[in-house]
Amino acid sequence: MATFLLTWNPERWQWNKLNECIREIEKFGYYIGSWSCGLTKKIRPDDRVFLIKLGAEPLGIIASGLAISEVYEDKHWDEKARAKGKRTFYIKVEFDTILNPQKRIFTRIWSSKGIYSKMSWNPQASGVTIPDYIAEKLERDWEKFLNHPVPYKEIVFAEEAEVDRTFTEGAKRRITVNAYERSAKARTICINHYGLNCSVCDFNFENVYGKIGIGFIHVHHLIPLSEKGKNYKLNTITDLSPVYPNCHAIIHQHRPAYSIEELKAILRKKQRNV
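Residues numbered from 1 in each chain as written. Predicted model: local features only at pLDDT ≥ 70, side-chain atom pairs only at ≥ 80, totals over all residues. Heavy atoms only, no water.

A.B. asks: Help me get a handle on the side chain of Thr7, residues and values and all.
C.D. replies: When you line up the elements, Thr7 lands in strand β1 (residues 3-8). Among residues more than four places away in sequence, those in contact with Thr7 are Trp35, Leu51, Ile52, Leu54, Pro123, Ala125 and Ser126. (Helix = DSSP H or I, 4+ residues; strand = E, 2+ residues; numbered from the N terminus. Contact = heavy atoms within 4.5 Å.)

A.B. asks: Would you mind going over the nonpolar core in detail, with residue names and values included?
C.D. replies: A general trend in soluble globular proteins is that nonpolar side chains are found buried together. Ranked by size, the top nonpolar core spans 40 residues in total, and within it Leu6, Trp15, Ile91, Ile98, Trp121 and Ile130 carry the most contacts. Looking at this core, the elements that each hand over two or more residues are β1, α1 (18-28), β3 (48-53), β4 (60-67), β6 (87-98) and α3 (132-146). What Ile130 contacts, discounting residues up to four positions off in sequence, is Thr3, Phe4, Leu5, Phe50, Met119, Trp121, Ala135 and Leu138. Among the nonpolar cores identified, the runner-up in size contains 10 residues, and Phe205, Val243, Ile251 and Leu263 belong to it. (Core = buried A, V, L, I, M, F, W, Y, C linked by side-chain atoms within 4.5 Å. Buried < 20%, exposed > 50% of the residue type's maximum accessible area, 1.4 Å probe, protein only.)

A.B. asks: Before we move on, can you summarise the side chain of His218 with the specific residues and values?
C.D. replies: Looking at the secondary structure, you find His218 in strand β12 (residues 218-221). Within the local environment of His218, its side chain forms a polar contact with the side chain of His248, the two groups lying 3.4 Å apart. (Polar contact = N/O pair within 3.5 Å; in protein donor to acceptor, adjacent residues only side chain to side chain.)

A.B. asks: Can you lay out the confidence of the model for the chain for me, pointing to particular residues and giving the numbers?
C.D. replies: With 82% of its residues at a pLDDT of 70 or more, the chain has an overall mean of 81. Mean pLDDT across the elements of the chain bottoms out in strand β10 (residues 164-166) (31) and peaks in β1 (96). Contacts for the low-pLDDT stretch residues 149-182, under 50 throughout, to residues beyond four places or in other chains number 77 contacts. (pLDDT = per-residue confidence, 0-100.)

A.B. asks: Describe in detail the pairing of β6, supporting the description with residues and values.
C.D. replies: In regular strands, side chains alternate between the two faces of the sheet. Extensive coverage of β6 is indicated by the burial of 10 of its 12 residues. Here strand β2 (residues 31-36) runs beside β6; their pairing, made up of six bridges, is antiparallel. Within the sheet, the bridge partner assigned to Tyr31 lies in β6 and is Phe95. Note: β4 against β6, five bridges, orientation antiparallel. When the bridges of β6 are listed, Gly65 appears paired with Phe95. Direction of pairing for strand β5 (residues 72-75) relative to β6: antiparallel, over a ladder of four bridges. Note that in β6 the partner of Asp74 across the bridge is Thr88. (Pairing = 2+ DSSP bridges.)

A.B. asks: Talk me through the pattern of salt bridges; I want residue IDs and the actual numbers.
C.D. replies: By the definition in use, this model includes six salt bridges. The residue Asp141 makes a salt bridge to Lys137 at a minimum N-O spacing of 3.5 Å. Of the two residues, Asp141 and Lys137 both sit in helix α3, four residues apart, roughly one turn of that helix. Classification of Asp141 by relative accessible area gives buried; the value is 15%. Note that Lys264 and Glu261 form a salt bridge whose closest N and O atoms lie 3.8 Å from each other. Placement of the pair is Lys264 and Glu261 together in helix α9 (residues 260-272), with a separation of three residues, close to one helical turn. According to the relative accessible area criterion, Glu261 is partly exposed, its value standing at 49%. (Salt bridge = Lys/Arg side-chain N within 4 Å of Asp/Glu carboxyl O.)

A.B. asks: Describe in detail the packing of aromatic side chains, supporting the description with residues and values.
C.D. replies: Throughout the structure, instances matching the rule amount to 20 aromatic pairs. With 5.9 Å between their ring centres and 75° between their planes, Tyr116 and Trp121 make a pair best called edge-to-face. For the pair formed by Tyr116 and Trp121, the shared burial category is buried. Through successive ring pairs, a cluster of aromatic residues spans Phe50, Phe106, Trp110, Tyr116, Trp121, Trp142 and Phe145. When the ring centre of Phe50 is taken as origin, the NZ or CZ atom of Arg48, which lies over that ring, is 5.1 Å away. Over the aromatic face of Phe145 sits the side chain of Arg104, whose NZ or CZ is 4.9 Å from the ring centroid. (Phe/Tyr/Trp six-rings, centres within 6.5 Å; stacked < 30°, edge-to-face > 60°. Lys NZ or Arg CZ within 6 Å of the ring centre and 35° of its normal.)

Here you go:
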């Protein structure tokens, strides 16, 4: 997975629906939109992207996400260029974070410090490659700035773990995991809201295992796959819940699956009888 720097200059293009995009992320955990990638054709699905605001102050990183398409060509985003028939390259991005720079921005003052000084943070065009060693540092600092409780790669999303399910006579059925189910931000919003303790038994991996347990938890999707319509849209607060892996396994021992409250009641009854 490569990392790329996309650009936005409000002096050249007004993001009129910025706050709507932010609200969509707050509600669903992600926002999917198209963004110009300059002249580059190197970006591939699942590549990491950061968006930097240029032009007038404040300057800095305001968004991040994953590319979810190959590069494609379309009409130019600039009205004057479009009127002349010009075209440019775009990618579709699943944004996990978008900030309003007038309220919050990962300011560019860091760009001249340490390894950040090894590349230009005032690119002439969108789609510049961020070297891996700089991208790793940026990822860590971005997470600290956003105050994410855990790195998104360390959260196990239960739907992904259950893609293959064994049915009668050993047959298998593959369930496609949709974009909202892959969303790192959706998982993070769930953890931000509920914390890292199991919703059933209150187990916390860090409390028991120390550093090696930091950030580990399953995230259980409360709505059965069979009940999802094609227009279903994930609500990261009401549809997801963090659970200890053992509790998660027991939830799915029953058909239909136990609810969180049902399993908590079973556990309380068992504890009273001990």
